[in-house]
Amino acid sequence: MPAKGVETLRAIAAIGYQEVEIPLDDAKKYAGVLKETGLRATGSHLDPDPRKAQKLDEFIGQAKELGIPAIGIAYVTPSQRVNPAEFWPRFADTLNWSGERCAKAGLTFYYHHHNFEFDPKFRAIDVLHDRLTKDVKLEIDCFWAAAAGTDPSAMIKDWSGRVFALHLKDKAKGGPPSYDTDKVKHEEFLEVGAGSIDWSKVLKTAVGAGVRHYYVEQDYTPGDPVASLKKSFSYLRRVS
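These lines cover the structure that appears in this document, whether it is placed above or below. (Residues numbered from 1 in each chain as written. Predicted model: local features only at pLDDT ≥ 70, side-chain atom pairs only at ≥ 80, totals over all residues. Heavy atoms only, no water.)

**Digging into the overall build of the protein**
To be explicit about the condition: Only DSSP runs of H or I covering at least 4 residues are called helices, and only runs of E covering at least 2 are called strands; the numbering of each starts at the N terminus. Restricting the calculation to C-alpha atoms gives the radius of gyration, and the globule rule supplies 2.2 Å times the number of residues raised to the power 0.38. Relative accessibility under 20% of the residue-type maximum defines a buried residue, over 50% an exposed one, and the middle range a partly exposed one, all with a 1.4 Å probe and only protein chains included. By definition, residues are in contact when any of their heavy atoms lie within 4.5 Å.
Counting secondary structure elements, the protein contains ten helices and nine strands. Against the 2.2 N^0.38 benchmark of 18 Å for 240 residues, the protein shows a C-alpha radius of gyration of 18 Å, consistent with a compact globule. Its C-alpha atoms put the protein at 45 × 45 × 35 Å along the principal axes. Here the protein holds 240 residues, and the buried ones make up 47% of them. The long-range share in the protein, meaning contacts at least 24 apart out of those at least 6 apart in sequence, stands at 76%.

This is the structure in structure tokens:
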């Protein structure tokens, strides 16, 4: 078992975090330290394309074996969405198929958005909102919503009852909306409470919308990621 992963999970638990979103392979690899620290693995992103029934069934089986109650898709590549008007309705149907299969197995299935879904040239987020069934939840990333010029609180309210979890990370003030993940500068990613997002409003809205899981995530940090996690946790304890 890699020492760095063990130390990181122990450090996360020592800060006071209670839940983690973790890849299925890592959940298995670090099962011992998760049990030792009391950290609950409550969600897992799937990296491979789960559209084949056999592959999705493998993921479902792994999640149930590991006691992880929810699995989801974290990203779609630019090559997949070259033709957005054709891709997104079809992709939504694929998500619905996967969601139904997960629901029958007793799992929650979800999709995690970024900023490209808000591109005014084709607002994929609207397609997902209108087309996804009750078997597919959304994981709202407050940073990426803000990066696209969308108020995370308004988005949470709009998706009320359909939100699996929030990704909590702050965005630096200023700058025009961006719809390309690769063009967002690293320095725009900040600890919760250090940027432009109104977290009191976000958290209050989330409670009313029935959100049950909250994951602090910072894609880029200028220094020690654990130190950034401490800053975010400290702020969230104060504001919530």
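**Some thoughts on the pairing of strand β3 (residues 70-73)**
Just so we agree on the cut-off: Only strands joined by at least two bridges in the DSSP assignment are considered to pair.
Burial of β3 is two-sided: the residues Ala 70 and Gly 72 facing one way and the residues Ile 71 and Ile 73 facing the other way are all buried. Strand direction decides the pairing type here: strand β2 (residues 40-46) and β3, joined by three bridges, are parallel. Across the sheet, the residue bridging to Leu 46 is Ile 73, located in β3. Pairing between β3 and strand β4 (residues 108-112): four bridges, direction parallel. Following the sheet pairing, Ala 70 is matched in β4 by Thr 108.

**As for the packing of aromatic side chains**
Rules: Two aromatic rings from Phe, Tyr or Trp, using only the six-membered ring of Trp, form a pair when their centres are within 6.5 Å; if the ring planes differ by under 30 degrees the pair is stacked, by over 60 it is edge-to-face, and anything between is tilted. Ring-over charges, as used throughout, are those where CZ of Arg or NZ of Lys falls within 6 Å of the ring centre and within 35 degrees of the ring normal.
Under the criterion given, the structure shown has 14 aromatic pairs. Ring geometry for Phe 87 against Phe 91: centres 5.1 Å apart, planes inclined by 20°, an arrangement best described as stacked. One end of the pair is Phe 87 and the other is Phe 91, both in helix α5 (residues 84-104) and four residues apart, which spans about a single turn. In terms of burial, Phe 87 and Phe 91 fall into one category: buried. Ring pairing ties together the aromatic residues Tyr 75, Phe 87, Trp 88, Phe 91, Tyr 111 and Phe 116, which thus form one cluster. For the cation-ring pair, Arg 81 lies above Phe 116, with the distance from its terminal atom to the ring centre recorded as 3.5 Å.

**Description of helix α9 (residues 199-208)**
To be explicit about the condition: It is the directions from the helix axis to the C-beta atoms whose arc is reported. Pairs of N or O atoms within 3.5 Å make up the polar contacts considered here, provided that, within protein, one atom can donate a hydrogen while the other can accept it, and that residues adjacent in sequence are counted only when both atoms are side-chain atoms.
When we look at burial in α9, the residues that qualify are Trp 199, Val 202, Leu 203 and Ala 206. Viewed end-on, α9 has its buried residues packed into an arc of 90°, placing them on one side of the element. Opposite the buried face of α9, by more than 90 degrees, sit the exposed residues Lys 204 and Gly 208. Turning to α9, the residues buried within the fold contact α7 (142-147), α8 (152-158), β6 (163-168), β7 (170-171), β9 (213-216) and α10 (225-239). Between the side-chain oxygen of the N-cap and the backbone nitrogen of Ser 200 there are 3.4 Å, and the N-cap of α9 in question is Asp 198.

**Regarding the nonpolar core**
General note: in soluble globular proteins, nonpolar side chains tend to be found buried as a group. Applicable threshold: By convention a nonpolar core is built from buried Ala, Val, Leu, Ile, Met, Phe, Trp, Tyr and Cys residues, the set being connected through side-chain atoms within 4.5 Å.
Formed by 66 residues in total, the largest nonpolar core has its most connected members in Ile 71, Trp 88, Leu 95, Tyr 111, Trp 159 and Leu 166. With six residues, the single largest contributor to this core is α5. Setting aside chain neighbours within four positions, we find Leu 95 in contact with Ile 73, Phe 109, Tyr 111, Leu 128, Leu 132 and Val 136.

**Description of the sheet that holds β2**
Note the following rule: Note on definitions: angles span 0 to 180 degrees between N-to-C directions of axes, and those axes are lines fitted to C-alpha atoms, for helices only across the stretch in contact.
Strand order in this open sheet of seven strands is β1-β2-β3-β4-β5-β6-β9, and the pairing throughout is parallel. If you trace the sheet from one side to the other, it starts and ends with β1 (19-21) and β9, each paired once. Sheet twist, expressed as the mean angle between neighbouring strand axes with direction ignored, is 25°. Against the sheet, α5 engages β3, β4 and β5 (136-141), with an angle of about 155° to β4.

**Section: the pattern of salt bridges**
Keep this limit in mind: Just to be clear on terms, a salt bridge is a Lys or Arg side-chain nitrogen sitting within 4 Å of an Asp or Glu carboxyl oxygen.
Taken as a whole, this structure holds 15 salt bridges when the rule is applied. For Asp 151, the salt bridge goes to Lys 201, with nearest N and O atoms at 3.5 Å. Taken as a pair, Asp 151 in the loop between α7 and α8 and Lys 201 in helix α9 lie far apart in primary sequence, 50 residues in all. Overlapping salt bridges, with partners in common, bring together Asp 141, Lys 169, Glu 217 and Asp 219 in one network.

**Notes on the side chain of Arg 162**
Our working definition: For the purpose of counting charges, residues Lys and Arg are taken to be positive, whereas Asp and Glu are taken to be negative. His and the chain ends are not included.
The residue Arg 162 is located in the loop between α8 and β6 in this model. For the buried Arg 162, no salt bridge is present, and the opposite-charge side chain at shortest range is Asp 130, 6.3 Å distant. The residues touching Arg 162, leaving out its near neighbours within four places in the chain, are Leu 128, His 129, Leu 132, Lys 137 and Leu 138.

**A look at helix α6 (residues 124-131)**
Taken together, the buried positions of α6 are occupied by Ala 124, Ile 125, Val 127 and Leu 128. Looking down the long axis of α6, one finds its buried residues gathered within 160° of arc, a one-sided arrangement. If you follow the buried residues of α6, they end up packed against α5, β4, β5 and α8.

Purely spatial values, then, with no claim about function.
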